[in-house]
Amino acid sequence: MGIKKLKSGFRQRFSSKKSSRWFQNRLVAIGGGDAPYTQQIEPGTQITFCDNTIKSSKYTLWNFWFLNLFEQFRRVANFYFLIVAIIQLSLPSPPVSPLTSVSPLVFVVVVTMIKQGYEDYKRHSADNQINCTNVNILRSGLVVKARNRDIKVGDIVMVKENETFPADLVLLSTSSSSGKCFVMTANLDGETNLKPLSPAKITKHLKSPAELNSISGQIECENPNPDLQNFLGRIKVRKCIQLHSTISRENTEYVYGCAVYTGRDTKMSQNSKINGNKFSTVEKTMNKFLLFFMLILVLEMIISTVLKYVYGLDVQEKMTHWYLGDKLEISGTGVVEDLFSYLVLYNYIIPISLYVTLEFQKFCGSLFLVWDLDLYDMENGEGAKCNSSDLNEELGQIQILFSDKTGTLTENIMIFKEASINGRQYGVHDLMPKLFSSSFSSFSNDPNMGHGDDSFLDDSYRDPQDEHHINEFLSALCVCHTVRVNQPKPSSDPPPPKKTNKHLKPWKLGGLDNPGFRPSSVASSVPETVTESSDIQYNASSPDEKALVEACQRFGVTFVGERETETESCIDLVESRSGTPVERVYTRLYILDFDSTRKRMSVIARDPSGRIIMITKGAESSVIPRCKEGPMFDTNKHIDEYALVGLRTLAIAIRVLSEQELKTFDQAIFQARQAIEGREEKIMAVYDDMERNMTLLGATAVEDKLQFGVKDTLVKLGQAGISVWILTGDKKETAINISYACGHLLPSLTVLDLTGLQSSTVLGKLQRYAEQVKSSDDMYGLVVDGGTLTLIMPYEENKDFLYQIASRCQSVVCCRMSPLQKSEIVRMMKNSPGAPITAAIGDGGNDVAMIQEAHVGLGIMGKEGRAAVRSADFAFSKFHYLQKVVLVHGHWYYYRVSLLVQYFFYKNVACFTCQFYYAFYSNFSTQTLFDGISLTLYNICYTSFPIFVFSLLEKNLDKRYLLENPSQYKRHYSNKLLQWREFFLWFFQAVWHSVVFYFGWYLFWSYIPTSGGLSLNMSDAANLDQTSFGTAIYSSVVAHVNLRLLFQSRSWNPVLIFGIIASIIFYIGFNFLCHSLSLPSGISSTLGESVESDIWVPFDFSTYWVYHHVLSSPGVWLFTLLLLVIAIMPDVVIRVLRKHWLSIEGGIWSARKAVNSTMNKGNYELDNVYNNYGYSNQEVQIRSASLKEFEIQEIS
């Protein structure tokens, strides 16, 4: 009754609100029934929940038309053209037909609507595929099939092996006798390694549907939140019935869980919030250009309106011509109408089709990246991916690249190399059991260390104390881990004969899947009793753990599995270093899980002798300071040596506990785990108290190999002017030496160290380094760690100093970084005064934050899931593919898009500025120079296809040349092709072309020879009129702006040539058709023409047969060619000057040198000549090299 009253009260208060934002926590009844404990429920507890429907789509069939139009007209350009169309429709006598503005706007909106509708349709399909997936739900004691969207909070769901969890579940029980299961969280955090989970003790014994159906319990948990690492809640069970069960399986075939978060409340949905849209530099610059043209438009409107009322004939005091009618009275309404009329007349200077063309160009251009076979990885059968084509051109503007290390620069394949045990270093050979021989390659800083001779093969003497330390160390590694033994599935073949020892699992000399182990002759050296056994395969939550356990197996201490009973967990080890396999059983009592704050993990266990021991493994900085005895000095020295060559290190320590200490820990951890508020902090405090006063055993060294081509890639990126920052969680020494190994940090650099600083010293050191890099011309590198960053980032003064230092460093290494710190570093540089274009590349879930923060996100399809790939803008399989992605595709993308933007503005200025000129010759009467069809189709049909082809296929430089000369990437730095200087160069070229074509044809019309000679114009009987004048100008402009692409292109291709010819032919053919088109009078009356019935009339009286009339004049053809040549001449001059500017500059400098030599006869020392004019030998060499490089570039 209590729960029902509570429900009714909540319904009265919150009506149908099922959103979690209205509540503080939630109460879930297990099995979907009534919760047994209701007397303690607080008013802020949620008990009604949303369903499990997933929705990523934006529209429905009914709201698509309204929402999509609303979103489209939120764009400034679309809204601007909408206002122009409304004004044009509102004017009593618009200068041109409203269709000239409405038609292009409708075309752009419809095309965009189709594209976005198709994308949303695909999202609907993906949602339906997920929502309609079959799942297994427990209903009335039976497991039944249901759809994913039918899951409700409280339902008990059965998930089978290799299936995806349909909602956020609290684990109740598993098919395993131990109750443990292993899950993969690659779709959450990118980690593909298996993570162990265990159910609550109160429910782990419930194996069958009938037992689970008997539960009467509830789960009290926190509100939904995006924290993937933590879940706070507690389970209360009043009753459950345990039936007799004979389940005993090693593998986890299925699990049962209670749904606590569904639909939009799941952790995945909470982390799938839409990030802010990324806008490329080109788009931002294009908006500035648009604002400039709007100002030009307003200026033209004001000038035309003012001149109309000052110099117009209609407003003169004494009208000299009677047929002009009465004087025009000036009124506010008339002025506004004229302003709007000029707005309609001049608005075509802004290209409406630029946006839709740019959108399609980016989409089609991204396909060239996806289709590039050079970026196809044969190993995993995947090519490059493009998740955001809006940022294509940003690949050509990168100035800083932030890179993860593990899995990005390295292969993320861990290979055991060496170990330091009791203060002594051991190579792989030294750790091998004496009965084995192998040809393993071992790494050592000392060429004589760890190898020695092979006398141990002859049963040579080994100090028993050393052997004891080795056994203790290897046993500790086999106990302190979360590795799972992956048992093979039962087959239909007859089972093998039973072994004499039922607890000894079949095993053999394993670890052969580790690339670090490649014995030359295994079968010949392995005892027969071993080779007859089956393989053991390991799965682990960390590749380091797997590598260490496999190494222990090779060295004669094998972890063969874990057995769990109702009261304890047993770890089975087999020691065979002496030649005879001996089983040892450790009873695991507690696991103190690893976390990034403690940087260590511990296992409390009871060894075969009955001792209670705690084994700790972790970063040496978090383990060694907590040790009170052991070879700390020697181990630290060895760890530093390992780090110098880029090896990953872990320290191993042990502590013997008393029964009282274990009892105290048991009570403390129980109380901490029962807390709802601050649970994690309390658990960490208990762990911290326990992990003290340990004895250091030694350390391990594991290698993570560099990927192929990493060094060459980083060198070329450096030559391209891209500063590379390595951001990693590894220790300082490892990060530095990996940086040196891959050519990131160079020996010639002066390395500035910002690691291990205290709050009292950090500011002073930042100030000293800032002064040093500012006052010196040396080349610097920087190393900073996460601990120092915690002291720098909260304070603006410290951040400013760090930016001053880092911006002057060629290479930067950041070690011991958390994911949040990685994104903070990216944000700091992205928002710095220089505003450099940043890119971030990574392969794991811990790289997602910096990938999303950077201007361009790059994902590596590595071994840590697909989180980075999904969140990145571009993704590929290998780091060395970055060369072609950035140096080639990035260069081409930026070049093509930049010219596309400049060309669109150019061709509109060249054509429609003529309207402004014509106003001065038409008494400012708002008379249009061009007909409506020409105004409508100029950007849509006549001039759009050639530039679209150009922007897809143009290659100003060959890909081989770009790869061999990375410095060419710097040619486009700082958005060079869209700087105001380049913009005004295009703008004034367009103005010049408009002047040539308008006033050229004006001269052609004005000066007609009256007698004798070759007439430039038509005969006096067939003079060309105003429409013919506009048609001649328009035809010349269309031909010129299309043909100019041939002049602009550096690589003529058949498709471009075909597109230009096709566009011109289409223009000619379409005009022939339109200017000769006649329609029945009935249709013409419908279109607004007043004509007699039953006759055929021209489609447009003003243009009827005009085009034929114009082209019938030979003079028109000849004069058109003349104007095309005149118009292109300044472009040719500018091209020649820009191409040979360095040569001209070099010639001037050579002439100055020759004059100086003549004036200083007898002085033949070149150094003196150079010094007299301020040139040093170094400057001469630099200028010569620049000239030579430029000549090579132009030849290419």
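Everything below is about the structure printed above this text.
Structure report, in brief. (Residues numbered from 1 in each chain as written. Predicted model: local features only at pLDDT ≥ 70, side-chain atom pairs only at ≥ 80, totals over all residues. Heavy atoms only, no water.)

1. What to know about the overall build of the protein
Part 1: Of regular secondary structure, the protein possesses 39 helices and 34 strands.
Part 2: Each of the 1196 residues in the protein was classed as buried or not, and the buried ones make up 51%.
Part 3: Long-range contacts, defined as pairs at least 24 residues apart, comprise 74% of the intrachain contacts of the protein with a sequence gap of at least 6.
Part 4: Within the structure as shown, the protein displays about 56300 Å² of accessible surface, and the carbon and sulfur contribution to it stands at 57%. (Helix = DSSP H or I, 4+ residues; strand = E, 2+ residues; numbered from the N terminus. Buried < 20%, exposed > 50% of the residue type's maximum accessible area, 1.4 Å probe, protein only. Contact = heavy atoms within 4.5 Å. Areas by Shrake-Rupley, 256 points an atom, 1.4 Å probe, with all protein chains shown as cover.)

2. Some points on the pattern of salt bridges
Part 1: Following the criterion strictly, the structure yields 37 salt bridges and no others.
Part 2: Notably, a salt bridge pairs D155 with R139, separated by 3.2 Å at the nearest N-O pair. Here D155, found in the loop between strand 4 (142–147) and strand 5 (156–160), pairs with R139, found in strand 3 (residues 134–139); they are 16 residues apart in sequence, far enough to count as distant.
Part 3: Owing to a relative accessible area of 7%, D155 belongs among the buried residues under this scheme. (Salt bridge = Lys/Arg side-chain N within 4 Å of Asp/Glu carboxyl O.)

3. Focus on the sheet that holds strand 6 (residues 168–174)
Part 1: With antiparallel pairing, the five strands of this open sheet are ordered in space as 4-3-5-11-6. Both outer strands of the open sheet, strand 4 and strand 6, are each paired with one neighbouring strand and no more. Within the sheet, the average angular offset between the axes of one strand and its neighbour, ignoring direction, is 40 degrees.
Part 2: Sheet topology places strand 3 next to strand 4; six bridges connect them, and they run antiparallel. In the strand pairing of strand 4, I137 is matched with V144. (Pairing = 2+ DSSP bridges. Axes fitted to C-alpha atoms, helices over the stretch in contact; angles between N-to-C directions.)

4. Focus on empty space enclosed by the protein
Part 1: Enumeration according to the criterion identifies six cavities of 30 Å³ or more in this entry.
Part 2: Space inside the largest cavity adds up to approximately 110 Å³.
Part 3: Lining the largest cavity are 13 residues, and of these T100, P104, Y348, I352 and N939 sit closest to its centre.
Part 4: Secondary structure elements with two or more residues in the lining of the largest cavity: helix 4 (99–131) and helix 28 (932–942).
Part 5: Element by element, the count of residues in the lining of the largest cavity is highest for helix 28, at five residues.
Part 6: Within the lining of the largest cavity, the residues separate by chemical class into eight nonpolar, five polar and no charged. (1 Å grid on protein atoms, 1.4 Å probe; cavity = no way out; pocket = protein on both sides within 12 Å on 5 of 7 lines; lining within 4 Å. Points joined across faces, edges and corners; volume = space filled by probe spheres on them. Nonpolar A, V, L, I, M, F, W, Y, C, P; charged D, E, K, R; others polar.)

5. A look at unusual backbone geometry
Part 1: Even without a glycine there, the phi angle at K599 is positive, about 60 degrees.
Part 2: Secondary-structure assignment places K599 in the loop between strand 20 (582–595) and strand 21 (600–606).
Part 3: The exposure class of K599 is partly exposed, given its relative accessible area of 29%.
Part 4: One non-glycine residue, R816, adopts positive backbone phi at about 50 degrees.
Part 5: Inspection of the secondary structure assignment puts R816 in the loop between strand 29 (809–815) and helix 24 (819–830).

6. Side note on the packing of aromatic side chains
Part 1: Under the definition given, this model contains 58 aromatic pairs.
Part 2: Aromatic pair Y921 and Y998: ring centres 5.9 Å apart, planes at 45 degrees, arrangement tilted. Residue Y921 is located in the loop between helix 27 (882–920) and helix 28, and its partner Y998 is located in helix 31 (residues 980–1006); the two are separated by 77 residues in the primary sequence.
Part 3: Given a relative accessible area of 41%, Y921 falls into the partly exposed group.
Part 4: Classification of Y998 as buried rests on a relative accessible area of 0%.
Part 5: Taken together, a centroid distance of 5.3 Å and an interplanar angle of 90 degrees make the contact between W980 and F983 edge-to-face. Taken together, the residues span about one helical turn, with W980 and F983 both in helix 31 at a distance of three residues. (Phe/Tyr/Trp six-rings, centres within 6.5 Å; stacked < 30°, edge-to-face > 60°.)

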